[in-house]
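Read off the chains here:
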Amino acid sequence: MTVIQTAGLTKQYGSLIALNGLSTTIGAGITGLVGANGAGKSTLIKLLLGLLTPSSGDAAVLGHDIRTQGTEIRRLVGYMPEHDCLPPDVRAIDFIVHMGRMSGLPPNVARERAADTLRHVGLADERYRLMGSYSTGMKQRAKLAQAITHHPKLVLLDEPTNGMDPASRDDMLTLVSKIGHDFGIPVLVTSHLLGELERVSDNIIVLDGGTLLRSQATSAFTEVTGVLLVEVLGEDQSQHRMGEALAAQGLPCRPRGSLIEVDPRGLPEPAKARDTIRDTAVDLSLGLVRIQAEHGQIQDIFRGEPARG
Ligand SMILES: Nc1ncnc2c1ncn2[C@@H]1O[C@H](COP(=O)(O)OP(=O)(O)O)[C@@H](O)[C@H]1O
Ligand SMILES: [Mg+2]
C-alpha cells in the first residue's frame, strides 16, 4: 500500500534549497523522518499537507495531488505541528471537541471521541484544565490528541518529542507506536535526534541538507557491522594487556570505553577472530566477560563509519 509518493519534490526559498529533488515512496506502518535541524523535515510535511507549493516536482498523499487537492488531503490526515499551537485560555476537552467538529464530526461524536482521545494520550485527569497551564509534555500530548481525534487515514507528526524529558519522550514514542501498530494508521514522524526513532519505526528516511541520504527498513540500519566488542574482567590494565596481545596476533583493535573494539573485516578470515579472542584470554589468564557483535545505528551514516562509544 502506497500512502505517500514523491517525485523530484523540491522547495526553494530564494537561493536556499530546503528540499532537493526528493523521490521516495512511503507505505503502511511507521516511517521515521530523521535529519538535523534545517534538514528539510518540516518543509516536506508542509508540502505533503498542501500548505506549501513545491518549486518543482510532484507528490501524492493517499492518492491525492498535493498541488491541487490540499483541502481533501487535510480532511483525511491528522497533523501535529512542530511548534506550540494551543490556545492557552482554552480547556483541553473543549479544544479537542472543537478540532473534531472542524474535521466534520457531529457534536456528540466529537465529544465522545475527545474524551476517549484525551484518555488515550494520558490527559484524562487534566482535561478540564486550561492548556496554558500545561507542562511541555502535556502540551505535546494535547497536540497529538487533536491530530488523531477524527480517526485520520494518515498521521503526520512533526517532532512530537521536542522539549520533553527522557521519560516523557519514551511515553510519547509508545503512543506513536500504538497509533501505527495497534490502530494500524500509517504514521510519518520526524525527529532531529537521529537515533530516537529506531525503536518505533518500520522504515527510516534520512534527510541531510534537503537531500535524501537513505530510505530503507529500520532493520537494514541495525544489521551487524562485523565489528566485535570484547569485555574482559579487571581494570584498565587487563583491557590494555588483552588489546596488546590481540594486536600482536594481527587483529586490528582499539579501546572503546571499557570495551575493546576488534575490527576483523579487512582480514582474510574474519570469522576466526572470535576463536583468537577466546584463546588469547585463556593464554593471558584473563576472564572473558563477552564477545558482542556490534550493530549499526542510524547515526553511523552521517559519520560514514560505525558508531563509537
Ligand atoms: N519560510 C521560510 N523562509 C526561508 N527559509 C526557510 C523557511 N522555512 C524553512 N526555511 C529554511 O529551510 C531549511 C529547512 O527547514 P525545515 O524544513 O524547517 O527543516 P527541519 O524541519 O528539518 O529542521 C532551513 O535551512 C530553514 O532555515
Ligand atoms: Mg522542523
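As a reminder, the structure under discussion sits directly above these lines.
If you're wondering where the values come from, they're calculated on a predicted model, not measured in any experiment.

Asker: Would you mind showing me how to read the packing of helix 8 (residues 236–248) against helix 9 (residues 273–283) here?
Answerer: Geometry of a packed helix pair, given as the angle between the helix axes and the separation of the axes. Running from N to C, helix 8 and helix 9 point in directions that differ by 125°, and their axes come no closer than 10 Å. Comparing the axis directions of helix 8 and helix 9 gives the class oblique. In this structure, the crossing between helix 8 and helix 9 has a hand that is right-handed. Contacts between helix 8 and helix 9 involve Met242, Ala245 and Leu246 from the former and Thr276, Ile277, Thr280 and Ala281 from the latter. Tallied by class, the residues present in the contact of helix 8 with helix 9 amount to five nonpolar, two polar and no charged.

Asker: How should I be thinking about the site of ligand 1 in this particular structure?
Answerer: Taken together, Tyr13, Leu16, Ala18, Ala36, Asn37, Gly38, Ala39, Gly40, Lys41, Ser42 and Thr43 make up all the residues around ligand 1. In this structure, an oxygen atom belonging to ligand 1 sits 2.9 Å away from a side-chain N or O atom of Ser42. Take Thr43: an N or O atom from its side chain is 2.5 Å from an oxygen atom of ligand 1. Here ligand 1, which alone exposes 560 Å², has 59% of that area covered by the protein. Listed by contribution, the elements that provide at least two residues to the shell around ligand 1 are strand 2 (16–27) and helix 1 (41–48). No other element matches helix 1, which puts three residues into the shell around ligand 1.

Asker: Is there a simple way to explain helix 8 in this structure?
Answerer: Working note: α-helix, 3.6 residues per turn, so residues spaced by three or four point in the same direction. Over its 13 residues, helix 8 extends 18 Å from the first C-alpha to the last, a length consistent with the 18 Å expected when each residue adds 1.5 Å. The set of residues buried in helix 8 consists of Ser238, Gln239, Met242, Gly243, Ala245 and Leu246. Buried residues of helix 8, seen end-on, are gathered within an arc of 165° and therefore sit on one face of the element. Exposed and oriented more than 90 degrees from the buried face of helix 8 are Asp236, Gln237, His240, Glu244 and Ala248. In this structure, the buried side of helix 8 is in contact with strand 11 (224–232), strand 12 (253–256), strand 13 (259–262) and helix 9. Phi turns positive one or two residues past the end of helix 8, at Gly250, with a value near 85°.

Asker: I would appreciate a short explanation of the coordination of the magnesium ion (ligand 2) in the present structure.
Answerer: Six octahedrally arranged donors around a metal ideally form angles of 90 or 180 degrees; four tetrahedrally arranged donors ideally form angles of 109.5 degrees. For the magnesium ion (ligand 2), the full set of protein donor atoms is Ser42 (OG) and Glu82 (OE), at a range of 2.0 to 2.5 Å. Here Ser42, found in helix 1, pairs with Glu82, found in the loop between strand 6 (77–80) and helix 3 (92–102); they are 40 residues apart in sequence, far enough to count as distant. Given the relative accessible area of 16%, Ser42 is considered buried.

Asker: When you look at the pattern of salt bridges in this model, what are you seeing that I'm missing?
Answerer: Where charged atoms from two side chains of opposite charge come close, those side chains can pair. Following the criterion strictly, the structure yields 16 salt bridges and no others. Notably, a salt bridge pairs Glu72 with Arg75, separated by 3.2 Å at the nearest N-O pair. Remark: Arg75 and Glu72 occur in helix 2 (residues 70–76); sequence separation between them is three residues, near one turn of the helix. A relative accessible area of 27% places Glu72 in the partly exposed class. Taking the relative accessible area as the measure of exposure, Arg75 reaches 48% and is therefore partly exposed. With its nearest N and O atoms 3.5 Å apart, the salt bridge here joins Lys272 to Glu269. A single network of salt bridges, built from pairs that share partners, joins Arg254, Arg256, Glu261 and Glu294.

Definitions and cut-offs
- Residues numbered from 1 in each chain as written.
- Chains lettered and ligands numbered in written order.
- Predicted model: local features only at pLDDT ≥ 70, side-chain atom pairs only at ≥ 80, totals over all residues.
- Heavy atoms only, no water.
- Axes fitted to C-alpha atoms, helices over the stretch in contact; angles between N-to-C directions.
- Helix = DSSP H or I, 4+ residues; strand = E, 2+ residues; numbered from the N terminus.
- Parallel < 35°, antiparallel > 145°, perpendicular 65-115°, else oblique.
- Left-handed = near helix turned anticlockwise from the far one by under 90°.
- Contact = heavy atoms within 4.5 Å.
- Nonpolar A, V, L, I, M, F, W, Y, C, P; charged D, E, K, R; others polar.
- Near = heavy atom within 4 Å.
- Polar contact = N/O pair within 3.5 Å; in protein donor to acceptor, adjacent residues only side chain to side chain.
- Areas by Shrake-Rupley, 256 points an atom, 1.4 Å probe, with all protein chains shown as cover.
- Expected span 1.5 Å × (residues − 1).
- Buried < 20%, exposed > 50% of the residue type's maximum accessible area, 1.4 Å probe, protein only.
- Arc of directions from axis to C-beta.
- Donors = N, O, S within 2.8 Å, 3.2 Å for Na, K, Ca; no water.
- Salt bridge = Lys/Arg side-chain N within 4 Å of Asp/Glu carboxyl O.

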